[in-house]
Amino acid sequence: MASYRYPLPAIAISVTTLLVLNACQPITENSESTVLQNDETTTIEEVIAPSTQATEQETEQATKVDETIDGHAGHHMPDAAMSAGDVQISDMLKDYSKSMARMHDEMMIGMNYNDPDTAFAKGMLGHHRGALDMAKTELKYGTDETMRKLAQEIIDSQQVEIDTINKWLASHPDAAKPKPDTQAMQQAYAKGMETMHGEMTLGIADPMPDMAFARGMLPHHIGAVDMAMVQMKYGKDTEMRQLAQQIIDTQQREIELMQDWIALQEIDNNELNQ
């Protein structure tokens, strides 16, 4: 079953804009995430650094996201002049941004691991926690029955997988030295992470809460499937490979649900505008 990527261009603020809220949060584990390349060591942050050559449209979109996250800073509007919708959108974006920042930090730790199975487990742990945060944000702001139901299903199913991963990690520490597949594995995760963050950044900036959730969670799910496929390629542990296949099967169905829902909303909007 082929996966589908929602056509959202990656923009120059894919990581930096969302991490500004996380600047004061220390990482308790090794934050010097690296990818081994021949005899040189390159930080994963450098590998996933988005292009500085943003298009005019992408720059405009980035500016809109920043302005919204700043809560209309610089507009000098009195609190009474701001609508409830403006406040809700600003708060929603801040919630999504904080959760993405936390997810990014946890995933970077996992991507630095030497053992492919442990790297998958640690990276997916952060990824799943990010999904739970996003789903809770949808339940807080969203009103669409289908998306709220999906959010609750994500919370229920991924919490079980989080418990499984935590239990597995407790008895499976990372390898002390890189393995033959470490470099290729880390590069594969870095590439997928760049795409996911860029598309999620644009998705959560949608002004409609339910659409923001769908457009943000869609690339998030696609990223999970990509990570699971990396595990199937490089991982050896039976339990983690089974989890990877389970993630592919479950989240591919949810990807298709979100694709259909987004398409339906766009059709409805087009009809209203005619």
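Residues numbered from 1 in each chain as written. Predicted model: local features only at pLDDT ≥ 70, side-chain atom pairs only at ≥ 80, totals over all residues. Heavy atoms only, no water.

Comments concerning the overall build of the protein
No. 1: A count of helical and extended segments in the protein gives 9 helices and 2 strands.
No. 2: Listing every helix and strand of the protein by position from the N terminus yields α-β-β-α-α-α-α-α-α-α-α.
No. 3: Taking all 274 residues of the protein together, the buried fraction comes to 47%.
No. 4: Residue pairs at least 24 apart in sequence account for 79% of intrachain contacts in the protein once pairs closer than 6 positions are excluded.
No. 5: Looking at the protein as shown, the accessible area adds up to about 13600 Å², and 51% of this sits on carbon and sulfur atoms. (Helix = DSSP H or I, 4+ residues; strand = E, 2+ residues; numbered from the N terminus. Buried < 20%, exposed > 50% of the residue type's maximum accessible area, 1.4 Å probe, protein only. Contact = heavy atoms within 4.5 Å. Areas by Shrake-Rupley, 256 points an atom, 1.4 Å probe, with all protein chains shown as cover.)

Concerning the pattern of salt bridges
No. 1: Scanning the entire structure with this criterion turns up 6 salt bridges.
No. 2: With a shortest N-O distance of 2.7 Å, Arg-129 and Glu-106 are connected by a salt bridge. Residue Arg-129 is located in helix H5 (residues 116-141), and its partner Glu-106 is located in helix H4 (residues 84-111); the two are separated by 23 residues in the primary sequence.
No. 3: Close ionic contact of Asp-206 with Arg-215 constitutes a salt bridge, the shortest N to O distance being 3.0 Å. Note on accessibility: Asp-206 and Arg-215 belong to one class, buried. (Salt bridge = Lys/Arg side-chain N within 4 Å of Asp/Glu carboxyl O.)

Focus: the nonpolar core
No. 1: Residues Phe-120, Tyr-189 and Phe-213 are the most contacted members of the largest nonpolar core, which totals 58 residues.
No. 2: Of all the elements, helix H8 (residues 209-234) adds the most residues to this core, at 13 residues.
No. 3: Discounting chain neighbours no more than four positions away, the residues touching Phe-120 are Tyr-189, Met-227, Ala-228, Gln-231, Met-240, Leu-243, Ala-244 and Ile-247. (Core = buried A, V, L, I, M, F, W, Y, C linked by side-chain atoms within 4.5 Å.)

A short note on the packing of helix H6 (residues 145-169) against helix H9 (residues 238-273)
No. 1: The contact between H6 and H9 brings their axes to 12 Å, and the two run at 170°. Between H6 and H9, the angle falls in the class roughly antiparallel. Counted together, Thr-146, Met-147, Leu-150, Ile-154, Gln-158, Glu-161, Thr-164, Ile-165 and Trp-168 of H6 and Glu-239, Met-240, Leu-243, Gln-246, Ile-247, Gln-251, Glu-254, Leu-257, Met-258 and Trp-261 of H9 form the full contact between these two elements.
No. 2: Residues of the contact of H6 with H9, tallied by class, amount to 11 nonpolar, 5 polar and 3 charged. (Axes fitted to C-alpha atoms, helices over the stretch in contact; angles between N-to-C directions. Parallel < 35°, antiparallel > 145°, perpendicular 65-115°, else oblique. Nonpolar A, V, L, I, M, F, W, Y, C, P; charged D, E, K, R; others polar.)

Side note on the packing of H5 against H8
No. 1: Close contact between H5 and H8 brings their axes to 10 Å; oriented N to C, the two are set at 165°. Regarding the angle of H5 to H8, the classification is roughly antiparallel. The hand of the H5/H8 crossing is left-handed. Residues Pro-116, Asp-117, Phe-120, Gly-123, Met-124, His-127, Gly-130, Ala-131, Met-134, Ala-135, Glu-138 and Tyr-141 of H5 lie in contact with H8, whose contacting residues are Pro-209, Asp-210, Phe-213, Gly-216, Met-217, His-220, Gly-223, Ala-224, Met-227, Ala-228, Gln-231 and Tyr-234. (Left-handed = near helix turned anticlockwise from the far one by under 90°.)

Some words on the environment of Thr-143
No. 1: One can find Thr-143 in the loop between H5 and H6.
No. 2: Separated by 67 residues in the primary sequence, Thr-143 and Asp-210 place their C-alpha atoms 6.8 Å from one another.
No. 3: Those residues in contact with Thr-143 that sit more than four places away from it in its chain are Glu-138, Arg-148 and Asp-210.

Structural notes on the side chain of Glu-161
No. 1: Relative to the helices and strands, Glu-161 resides in helix H6.
No. 2: Lacking a salt bridge, the buried Glu-161 has Arg-253 as its closest oppositely charged neighbour, with an N-O distance of 8.8 Å.
No. 3: A polar atom in the side chain of Glu-161 sits 2.7 Å from the side chain of Gln-246.
No. 4: Residue contacts for Glu-161: discarding those within four places in its chain leaves His-128, Leu-243, Gln-246 and Ile-247. (Lys, Arg positive; Asp, Glu negative; His and termini not counted. Polar contact = N/O pair within 3.5 Å; in protein donor to acceptor, adjacent residues only side chain to side chain.)

Considering the confidence of the model for the protein
No. 1: Put simply, the protein has an average pLDDT of 78, and 67% of its residues get 70 or more.
No. 2: Segment residues 1-59 is flagged for pLDDT under 50; beyond a separation of four residues in sequence, or across chains, it makes 119 contacts in the model.
No. 3: When the criterion is pLDDT under 50, residues 61-88 qualifies, and its contacts beyond four places in sequence or with other chains add up to 26 contacts. (pLDDT = per-residue confidence, 0-100.)

A closer look at H9
No. 1: The first and last C-alpha atoms of H9 sit 52 Å apart over 36 residues, in line with the 52 Å expected at 1.5 Å per residue.
No. 2: Looking at where H9 begins, the residue whose side-chain oxygen comes 3.0 Å from the main-chain nitrogen of Glu-239 is Asp-237. (Expected span 1.5 Å × (residues − 1).)

Side note on the environment of Ile-109
No. 1: In this fold, Ile-109 is placed in helix H4.
No. 2: As a C-alpha pair, Ile-109 and Ala-119 span 10 residues in sequence and 8.3 Å in three-dimensional space.

Focus: the environment of Glu-199
No. 1: Note that Glu-199 resides in helix H7 (residues 182-203).
No. 2: Placed 18 residues apart in sequence, Glu-199 and Met-217 show a C-alpha to C-alpha distance of 9.7 Å.

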